[in-house]
Amino acid sequence: MICIVIVYIFSGFSKEQKRENGERKGMRVGVSIYNQYDTFISSLTESLIEEAKRLEQEKGITITLDIVSAGSSQMTQNYQVEEFINKDYDILCINLVDRTDATTAIDMAMNADIPVIFFNRELVEQDLERWNKLFYVGAVALESGIMQGQIVAQMCQEDFASIDKNGDGVLQYVMLEGEAGHQDSSIRTEYVIKTIMEAGIQVEKLGDEIANWIRAQGETRMSQWLKQYPDEIELVIANNDDMALGAIDAIKKEKPARPPKVIGIDGTDVGLEAVKNKDMIGTVLNDSKGQAEGIIELAYSVIFHKKLPEHIELIDGKYIRKPHVIVTEDNIDEILTLK
Ligand code: GAL
């Protein structure tokens, strides 16, 4: 995991060296992530570096990646974008801090005629529609919520007694939500429950708290719930693996007589490990590697005016969407071999 990313430049060249005999030889990419301490974003960043190295070799070009973290401040991110533009980078990749506040970054990029690939934190469609050089790479939030619900529903259908501790026929759950206003929080929260209920399972919510994707916050919320409901919680649903792992930390400390089941989303290394050792009943793989590949291939295709590889589809000339994958004890070994 990259803790302090920040500048990773593995091949550099000046603006004047960009073209040789009129032919472009490389691309310079400015990447700003919302926060370097986010586990999923760290693995996406590592994959970006790997994918750029791969493409350099494959195409015989040089790629400069300048990766900075905005430390969760949109103002800092706007300065970073300004700096990338002053350095005359060819393309910007932005993981927005505030996905509803893309205007400043877009205005600056449009004025300088520098294309932008937004990723992971999805901006509103009207913003993306402002210019034909704005793109988005990510997953479909709805799909992750539905798949998380399917894991729970299948488990209930196969062996409800193992979850329904008090035998009342109702699933008592608590929900750990990511960030207020993040598409992946609200949509996952809604669709996981919808999917469980549509499978004919009755649910009762005992608690619902925001924990900002952070393991320590997940642990704090879960400790409070365990004090309030020492033996009533049957399932912990978390919008991501880190918060699920925080809940597991709390469960291991508080040691309730009948520990609740826990489920996450992301399939980070630590998340998959928790499925493997049965701390979590499952997770949903959020394909960081595939998203990184999409970002780097799209940057290359835009800058070099080349077609995208066949397996990467650019929907409506703007979106690359990578599918999620259900992970449970049934396929965890196979998933781990693909990592
Ligand atoms: C989500 C991911 C979270 C967190 C968030 C940051 O897609 O599931 O773990 O990384 O993005 O925007």
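Above this text you will find the structure in question.
Residues numbered from 1 in each chain as written. Predicted model: local features only at pLDDT ≥ 70, side-chain atom pairs only at ≥ 80, totals over all residues. Heavy atoms only, no water.

Peer 1: Looking at this structure, I do not really get the site of the ligand. What am I missing?
Peer 2: Within the structure, the ligand sits among 13 residues, and D38, N120, H182, D184 and D266 are positioned closest to it. At a separation of 2.8 Å, an oxygen atom of the ligand approaches a polar side-chain atom of D38. One nitrogen or oxygen atom from the side chain of N286 is found 3.3 Å from an oxygen atom belonging to the ligand. Across the complex, the protein chains shield 99% of the 310 Å² of accessible surface that the ligand would expose by itself. Classifying every residue of the shell around the ligand gives 4 nonpolar, 4 polar and 5 charged. Viewed by domain, the shell around the ligand spans two of them, domain 1 (6–138 + 288–308) and domain 2 (142–285), each represented by three or more residues. (Near = heavy atom within 4 Å. Polar contact = N/O pair within 3.5 Å; in protein donor to acceptor, adjacent residues only side chain to side chain. Areas by Shrake-Rupley, 256 points an atom, 1.4 Å probe, with all protein chains shown as cover. Nonpolar A, V, L, I, M, F, W, Y, C, P; charged D, E, K, R; others polar. Domains from an automatic or database assignment.)

Peer 1: Mind showing me how you'd approach the packing of aromatic side chains here?
Peer 2: Aromatic ring pairs are reported here in terms of the distance separating the ring centres and the angle at which the planes meet. All told, the structure shown has 3 aromatic pairs when counted by the stated rule. Stacked on the ring of Y34, the Lys or Arg R121 has its end atom at 3.7 Å from the ring centre. One cation-aromatic arrangement involves K318 over F135; the distance from NZ or CZ to the ring centre is 6.0 Å. (Phe/Tyr/Trp six-rings, centres within 6.5 Å; stacked < 30°, edge-to-face > 60°. Lys NZ or Arg CZ within 6 Å of the ring centre and 35° of its normal.)

Peer 1: Where do I start with the pairing of strand 4 (residues 62–69) in this structure?
Peer 2: Walk down a regular strand and you will see the side chains alternate between the two sheet faces. By the criterion of burial, strand 4 is predominantly enclosed, with 7 of the 8 residues buried. Direction of pairing for strand 3 (residues 26–33) relative to strand 4: parallel, over a ladder of 8 bridges. Counterpart to G30 in the pairing with strand 4 is D66. As for the winding sense of the linkage, the β-α-β connection from strand 3 through helix 1 (residues 39–59) to strand 4 is right-handed. (Buried < 20%, exposed > 50% of the residue type's maximum accessible area, 1.4 Å probe, protein only. Helix = DSSP H or I, 4+ residues; strand = E, 2+ residues; numbered from the N terminus. Pairing = 2+ DSSP bridges. Right-handed = clockwise from strand over helix to strand, strands pointing away.)

Peer 1: It is not clear to me how the nonpolar core should be interpreted in this structure. Could you clarify?
Peer 2: In globular proteins that are soluble, nonpolar side chains generally tend to be buried together. Ranked by size, the top nonpolar core spans 64 residues in total, and within it M27, V31, I117, M222 and I233 carry the most contacts. Here the element with the most residues in this core is helix 10 (residues 288–304); it accounts for 9 residues. Excluding its chain neighbours within four sequence positions, the residues that come into contact with V31 are L48, L65, D66, I67, V68, F84, C93 and F119. If you look at the next biggest cluster of nonpolar residues, it comprises 22 residues, including A109, V116, L123 and W131. (Core = buried A, V, L, I, M, F, W, Y, C linked by side-chain atoms within 4.5 Å. Contact = heavy atoms within 4.5 Å.)

Peer 1: Please explain the side chain of T268 as it appears in this structure.
Peer 2: Tracing the sequence through the fold places T268 in the loop between strand 11 (261–263) and helix 9 (269–276). Setting aside residues up to four positions removed in sequence, T268 forms contacts with T39, F40 and D241.

Peer 1: So what exactly am I meant to see when it comes to unusual backbone geometry here?
Peer 2: Peptide bonds are, in most cases, trans, and in most cases residues other than glycine have a negative phi. Located in the positive-phi region is D113, a residue other than glycine, with phi close to 55°. On the secondary structure map, D113 appears in the loop between helix 3 (103–112) and strand 6 (116–119).

Peer 1: Help me understand the sheet that holds strand 6 in this model?
Peer 2: A sheet is described by the order of its strands in space; here 6 strands give the open sequence 4-3-5-6-7-13, paired in parallel fashion. Only two strands of the sheet have a single neighbouring strand rather than two, namely strand 4 and strand 13 (319–321). Going across the sheet, the axis of each strand differs from the next one's by a mean of 15°, ignoring polarity. Pairing geometry for strand 5 (residues 91–94) and strand 6, over 3 bridges, is parallel. Paired with I94 across the strands is F118, a residue of strand 6. (Axes fitted to C-alpha atoms, helices over the stretch in contact; angles between N-to-C directions.)

Peer 1: Help me out: how do you make sense of the side chain of D164 in this one?
Peer 2: By secondary structure assignment, the location of D164 is in the loop between helix 5 (141–163) and strand 8 (170–177). R258 is the oppositely charged side chain nearest to the buried, salt-bridge-free D164, at an N-O distance of 8.4 Å. One polar contact links the side chain of D164 to the main-chain amide nitrogen of D168, over a distance of 3.3 Å. If we skip the residues at most four places from it in the chain, D164 touches G169, V170 and E234. (Lys, Arg positive; Asp, Glu negative; His and termini not counted. Salt bridge = Lys/Arg side-chain N within 4 Å of Asp/Glu carboxyl O.)

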